[in-house]
Amino acid sequence: MLALQPPPQAPIDAPQIEYSAILPVLILLGAACIGVLVEAFVSKASRWAAQVTLSLLAILGAGLAFVLYVTDSPERGLTTLYRTIAVDRPALFLWGTLLALGLGALLLIADRTVERGGAFVAQAGIRPGTVQDRAQMASGGMQTEVFPLTLFALSGMMIFCAANDLLTMFIALEVLSLPLYLMCGLARRRRLISQESAVKYFLLGAFASAFFLYGLALLYGYAGSVKLADIANAAAGSAASDTLLFGGFGLLVVGLMFKASVGPFHAWTPDVYQGSPTPITAFMAACTKVAAFGGILRVLTVGFESTSWEWRGVLWVVAVASMVIGAVLGLTQTDIKRMLAYSSIAHAGFLLVGALALRPEGLSGTLFYLLTYGFTTLAAFGAVSLVRDSNGEATHLSQWAGLAKRSPVLAWVFAFLLLAMAGIPLTSGFIGKFVVFSAGIQDGMAPLVVIALVASAVAAFFYLRVIVLMFFSDPAPDGPTVTVPGTFTTAAITLGVLVTLVLGLVPAFALDWAGTGTFAF
Amino acid sequence: MTPTYYLLLSALLFTIGAVGVLVRRNAIVVFMCVELMLNAVNLTLVTFARINGSLDGQVMAFFVMVVAAAEVVVGLAIIMSIFRTRRTASVDDANLLKY
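Just so it is clear, the model here is predicted, and its values are computed rather than measured.

Participant: Mind showing me how you'd approach the interface of chain A and chain B here?
Facilitator: A common way to state how big an interface is: give the accessible area lost once the parts meet. Across the boundary between the two partners, chain A contributes 44 residues, which contact 47 residues of chain B. Both sides of the chain A and chain B interface together cover about 4000 Å² of buried area, and 75% of this is carbon and sulfur. Viewed at the interface, chain B and chain A are joined by 1 salt bridge. With a closest N to O distance of 3.2 Å, Glu196 of chain A and Arg86 of chain B form a salt bridge. Along the contact surface separating chain A from chain B lie 8 residue pairs in polar contact (both at pLDDT 80 or more). Looking at the side of chain A that touches chain B, the elements with two or more residues in it are helix H6 (166–184), helix H7 (191–223) and helix H10 (268–275) of chain A. When residues of the side of chain A that touches chain B are assigned to their parent elements, the largest contribution, 22 residues, is made by H7 of chain A. Residue composition of the side of chain A that touches chain B, grouped by class: 28 nonpolar, 10 polar and 6 charged.

Here it is in structure tokens:
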């Protein structure tokens, strides 16, 4: 018989909460809940306006609360809620990045000028290919639940990169993932591939979070706690078996790498990026990458720095695999959204180089790279959504031939963004790659950096191929047209292009900000 | 009864779930295998709570249950929508997106 006597517990005190520090997240979560009520109580005709106003106000309000907090936040950072949330300098940098990217993505999501009624289906329950489906394609309505879902996902991302213990991180991971699974399946046109991408993303995402969770459980067995700092302490001197530590770490990393679409865990990325509605792809590509790498940086630096010589070799292999897969398979793509997906896998490999250099330069370089890559990719997907024919977006590369003759402005903007992704000087992409790779060299990872340089040269080829196609080919007679976007999309693309340009010309202020502090725990 | 047996059992359940995700073809069954993996984790957490003499692991198991319930809601909605369209929930038939 087991004696079922519960172990004695110390009395539990209510946690100290720094409301001013976590106010941006609370505003977003609150607005998302109000958005659910708006769905229930506001009439269908005025729902879109109400949701857009609410979401924009929420992000701007969160941004205001964020700016007010940053101006007088302590340099060292602080932890709150029983040390489960760390609001330190890297977290604040990522929060600022996420809020700005979230605003851009929200503008793309809210746009109704590019596609009549927006990029989202009028009613998700309608079966593709039926009479009702053709009717909804022509109708002006949309499933406005997208807006609260976006806010939930964004707040989950913000908690994810500030989470100081693994349980909080897991909950945040689900809060950011579950809305994304749903939003993937809500495209107005090409409903079949949209639903298919949702199924694939959901099944693989749930599989990966189960791995993350088992890693959490093994680390709990090892350290007796899931706080990253406690795991680091236990790793420095614990009698428990190292099998638990490294088994747990390995499973945890699989879950994290899946979210960041790194290397051999990338299988979902091209399918989901291609099938989702393009504004959601932009949101996922920019914001999920930022949040996931924020989490990876914190886990590696705070929790596992002392054992880094044990696991670093494995992550070297992962980084190399990611860069090679992204660059080589990107060459063979014929769909522009799939090509950008493979480009994001290659970029994840470059980011991992910076994250593996466990030094201040690596941390600040990776943060800066995330900022630049987020804005470039946001604007790129915004531009992709403008090239359309009668079937919706024209994403096949052959349809992009001679686009410069139809719309020189779009072709130049897109060419500039591709050059930034390739890392050409005078764009933010160059500065980002430079800081990340130099951090890698300083940390003695010269072979990895050489592989990264070769991979970025290979990747540059498929970016340049699109530029050559746009500028030096003759347009097809029945080719796509370029829609003149409304205010929202124009604002989002302009934001992305401006940040890409400014950070390429005067990167110093952002680099300074990225390098001001380390993790608090 | 040493708690180690429970750890072995949960590792076995987790493995069965993971193999099931990889080899089964029906999306519902795949999803059930994911749930089996999550429940294997719960058993691990509760066993470690017992070994470590703290209640944290048991509380975490509650969090996992809540998340699993939320995941069921989202997952079944998505699988339903694709089943209504295609009249099948086989993951092999979802093959429009490739290469």
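Participant: What should I look at first to understand the pattern of salt bridges in this one?
Facilitator: Opposite charge on two side chains lets them pair, provided their charged atoms get close. Residues and elements named next belong to chain A. Tallying each qualifying case throughout the model produces 16 salt bridges over all chains. For Arg388, the salt bridge identified is with Glu393, shortest N-O distance 4.0 Å. Glu393 sits in the buried class, given a relative accessible area of 15%.

Participant: Whenever I open this one, the packing of helix H17 (residues 428–442) of chain A against helix H18 (residues 446–472) of chain A confuses me. Can you help?
Facilitator: Any two packed helices are characterised by the angle at which their axes cross and by the distance between the axes. Residues and elements named next belong to chain A. Direction vectors running N to C along H17 and H18 enclose 155°, while the axes themselves pass 8 Å from each other. The orientation of H17 relative to H18 falls into the category roughly antiparallel. The crossing of H17 and H18 is left-handed. Along the contact surface, H17 presents Lys433, Phe437, Gly440 and Ile441, while H18 presents Ala446, Val449, Ala452, Leu453 and Ser456. Of the residues belonging to the contact of H17 with H18, the class tally is 6 nonpolar, 2 polar and 1 charged.

Basis of the calculations
- Residues numbered from 1 in each chain as written.
- Chains lettered and ligands numbered in written order.
- Predicted model: local features only at pLDDT ≥ 70, side-chain atom pairs only at ≥ 80, totals over all residues.
- Heavy atoms only, no water.
- Contact = heavy atoms within 4.5 Å.
- Buried area = accessible area lost by both parts, 1.4 Å probe.
- Salt bridge = Lys/Arg side-chain N within 4 Å of Asp/Glu carboxyl O.
- Polar contact = N/O pair within 3.5 Å; in protein donor to acceptor, adjacent residues only side chain to side chain.
- Helix = DSSP H or I, 4+ residues; strand = E, 2+ residues; numbered from the N terminus.
- Nonpolar A, V, L, I, M, F, W, Y, C, P; charged D, E, K, R; others polar.
- Buried < 20%, exposed > 50% of the residue type's maximum accessible area, 1.4 Å probe, protein only.
- Axes fitted to C-alpha atoms, helices over the stretch in contact; angles between N-to-C directions.
- Parallel < 35°, antiparallel > 145°, perpendicular 65-115°, else oblique.
- Left-handed = near helix turned anticlockwise from the far one by under 90°.

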